[in-house]
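Structure at a glance
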Amino acid sequence: MLREEFLNVKRIVIKLGTNVLRNEEGEVALSRIYSFIEDISKLVKSGKEVIVVTSGAVGLGKKKLNLETTNEDGVKQACAAVGQSRLMSFYENGFGVFDIPIAQILLTEDDFSLRHRYLSLRTTLNKLLEFGVVPIINQNDTVSTIELHDILAGMKVSFSDNDKLSALVSSELDADLLILLSDINGLYTSNPKENSDAEFISEVTEVTDEILALGTDPSEGGRGGMKTKLEAAKLVTRFGGKVLIANGKIPYVISKIFSGENLGTMFIPTNENLSGKKRWIGYATNVLGKIIVNSGAKDAILNQSKSLLPIGIVDIINDFKQGEVVSICDEEGKEFARGMVNYDSEECRRISGSHSDNILDALGYKNYDAVITRDNITHL
């Protein structure tokens, strides 16, 4: 795809990673932050809508409190509380110079997982953009509790880093382009920091399992890494959005990108065009329950777009309620889809392995033939 076509967009989400917001000494990279603000202000004044997903609050708080580590219980949350106000002061002062209003939005997993909050957030963000405001979004580490509860250790959370958060925001707002700025030029055939022979990949037409396998873990101080960026790219391209991973340490990189310079790796949208509901089921919810199915049910779901019938169920793991989203896994435990269930976990246990005609006898009532209907299943 030509760069000019790739950049022909209206609504843009820009994610600024921890490592581009600080310098080599771990201090705030003020000149770089203000260069981002200047570039984004130009985009806004040119008529584009921009949403910023920012990291940095925990790091700023850690520095302010002179701490070496945030591993102790509650320390990361305390650092986030201290650092968030400092982080927002940079954005407030910077955008204020260009007379552009901003809004602080702190999000937790439940803001996406609970559908009524998800839809309310969408309405709010759209209204802010209508008013010409630049939303500044960050994970609310101060009150996020998922990682603190052992009982939720097996939960697949909607997001645990700002790469995934930026993808969910892009999905929720039907953004045309997500730009992920980090300390790397883009995607390589292997980690260029470890392999000098690694080759740069300028364009990806589909985020396959082979592409996902190129992902690496985060560098020190970060939480994402290339692995989470590729997962974010897969989500966004599945609903028809574009993604660019580029080096945020290049001076005025955002302006250079939109002037047509060949920077970063472009991820091209697929033709799948997942609906909003399918996106929410597959990516935006917290998932604790699991349904294990046999090979016949897996084939029917993946290759024939069929519903999940009780006869294909092998096992039920954890408890869930009717209407919640669960993982659909094969007999090796690999998750291949997610779906919204028509029966709760106890009901599923009572009818698993049975023909649909026997649901009435097993439960004394019958609401659906399928445990999960095909319209409520998202392939991963």
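To keep things clear, this report deals only with the structure shown in the data block. (Residues numbered from 1 in each chain as written. Predicted model: local features only at pLDDT ≥ 70, side-chain atom pairs only at ≥ 80, totals over all residues. Heavy atoms only, no water.)

1. Topic: the overall build of the protein
Filter applied, for reference: A run of H or I in DSSP counts as a helix once it spans at least four residues, and a run of E counts as a strand once it spans at least two, with each numbered from the N terminus. Throughout, the radius of gyration refers to the C-alpha atoms, and the reference size of a globule is 2.2 Å times the residue count to the power 0.38. Any pair of residues with heavy atoms lying within 4.5 Å of one another is described as a contacting pair. Per-residue accessibility takes into account occlusion by the displayed protein chains alone, with areas from the Shrake-Rupley method and a 1.4 Å probe. His is not counted, nor are the chain ends, whereas Lys and Arg count as positive and Asp and Glu as negative. A single reference atom marks each charge: NZ on Lys, CZ on Arg, CG on Asp, CD on Glu.
The secondary structure content of the protein amounts to 14 helices and 15 strands. For the protein, whose C-alpha radius of gyration is 22 Å, the value lies close to the compact-globule estimate of 21 Å for 380 residues. C-alpha atoms of the protein, sized along the principal axes, occupy 70 × 45 × 45 Å. Taking the contacts inside the protein whose residues are at least 6 apart along the sequence as the reference set, 72% of them involve residues at least 24 apart. For the protein, the accessible area works out to roughly 17,200 Å², and carbon and sulfur atoms hold 46% of it. Counting 42 positive and 53 negative side-chain charges, the protein places the centres of these two groups 4 Å from one another.

2. Remarks on the packing of aromatic side chains
Two aromatic rings, taken as a pair, are described by how far apart their centres are and by the angle between their planes. Threshold: Centres within 6.5 Å are what make two rings of Phe, Tyr or Trp a pair, Trp counting through its six-membered ring; a difference in plane orientation under 30 degrees is then read as stacked, over 60 as edge-to-face, and the rest as tilted. We call a residue buried when its accessible area falls under 20% of the maximum for its residue type, exposed when it is over 50%, and partly exposed in between, using a 1.4 Å probe and counting protein chains only. Each ring is checked for a lysine NZ or an arginine CZ that lies within 6 Å of its centre and within 35 degrees of its normal; such an atom marks a charge sitting over the ring.
Tallied over the full model, the rule gives three aromatic pairs. Summarising the aromatic geometry, the rings of Tyr 188 and Phe 200 are spaced 5.2 Å apart at their centres and angled 70° between planes, so their arrangement reads as edge-to-face. With Tyr 188 in strand β6 (residues 187–188) and Phe 200 in strand β7 (residues 200–201), this pair connects stretches of sequence that are 12 residues apart. What makes Phe 200 partly exposed here is its relative accessible area of 36%. Seen from the ring of Trp 280, Arg 115 lies directly overhead, with NZ or CZ sitting 5.1 Å from the centre.

3. A closer look at the sheet that holds strand β8 (residues 203–204)
Filter applied, for reference: A pair of strands counts as paired when DSSP detects no fewer than two bridges linking them.
What the eight strands build is an open sheet, ordered β3-β4-β2-β1-β5-β9-β10-β8; its pairing is mixed. Only two strands of the sheet have a single partner each, and these edge strands are β3 (102–107) and β8. Taken together, the six bridges between strand β5 (residues 177–182) and strand β9 (residues 242–247) define a ladder with parallel strand orientation. Within β9, the position partnered with Leu 181 by the bridge is Ala 246.

4. Here we look at the sheet that holds strand β13 (residues 325–329)
Keep this limit in mind: In this analysis, axes come from line fits to C-alpha atoms, helices being fitted only over the stretch in contact, and the angle between any two N-to-C directions falls in the range 0 to 180 degrees.
Taken in spatial order, the five strands of this open sheet run β12-β11-β13-β14-β15, and their pairing is mixed. Across the chains shown, the open sheet's two edge strands, defined by having one partner strand only, are β12 (313–317) and β15 (377–379). For this sheet, the mean inter-axis angle between neighbouring strands, taken without regard to orientation, is 25°. Pairing of β13 with strand β14 (residues 335–340) involves five bridges; the strand directions are antiparallel. Opposite Ser 327, over in β14, you have Arg 338 as the bridge partner. Across the sheet, helix α11 (residues 276–284) touches β13, β14 and β15, and the angle it forms with β14 is around 120°.

5. Details of unusual backbone geometry
Residues other than glycine seldom take positive phi values, yet Asp 99 does so here, at roughly 60°. In this structure, Asp 99 sits in the loop between α4 (75–97) and β3. The phi dihedral of Tyr 252 is positive, around 50°, even though this residue is not glycine. Tracing the sequence through the fold places Tyr 252 in the loop between β9 and α10 (253–258).

6. Thoughts on helix α6 (residues 115–130)
For clarity, the cut-off: To estimate the expected span of a helix, count its residues, drop one, and scale the result by 1.5 Å. The arc refers to the directions leading from the helix axis to the C-beta atoms.
With 16 residues, α6 should reach 22 Å at 1.5 Å per residue; the first-to-last C-alpha distance of 23 Å fits that figure. Regarding α6, the residues found buried are Tyr 118, Leu 121, Leu 125, Leu 128 and Leu 129. Considered in projection along α6, the buried side chains sweep an arc of 95° and stay on one side of the axis. Those residues of α6 that are exposed and aimed more than 90 degrees away from the buried face are His 116, Thr 123 and Glu 130. Downstream of α6 by a residue or two, Gly 132 has a phi angle that is positive, lying close to 80°.

7. Observations regarding the pairing of strand β1 (residues 11–16)
The condition that has to hold: Throughout, right-handed denotes a crossover for which the path from the first strand over the helix to the second runs clockwise when the strands point away from the viewer.
Within β1, six of the six residues are buried, which leaves the element mostly enclosed by the surrounding structure. Relative to strand β2 (residues 49–54), β1 runs parallel, the two being bridged by six bridges. Bridge assignment links Lys 15 to a residue of β2, and that residue is Val 53. Between β1 and its parallel partner β2, the chain crosses via helix α2 (residues 30–45), and the hand of that crossover is right-handed. Where β1 and β5 come together, five bridges link them in parallel fashion. Residue pairing in the sheet places Leu 16 in a bridge with Leu 181 of β5.

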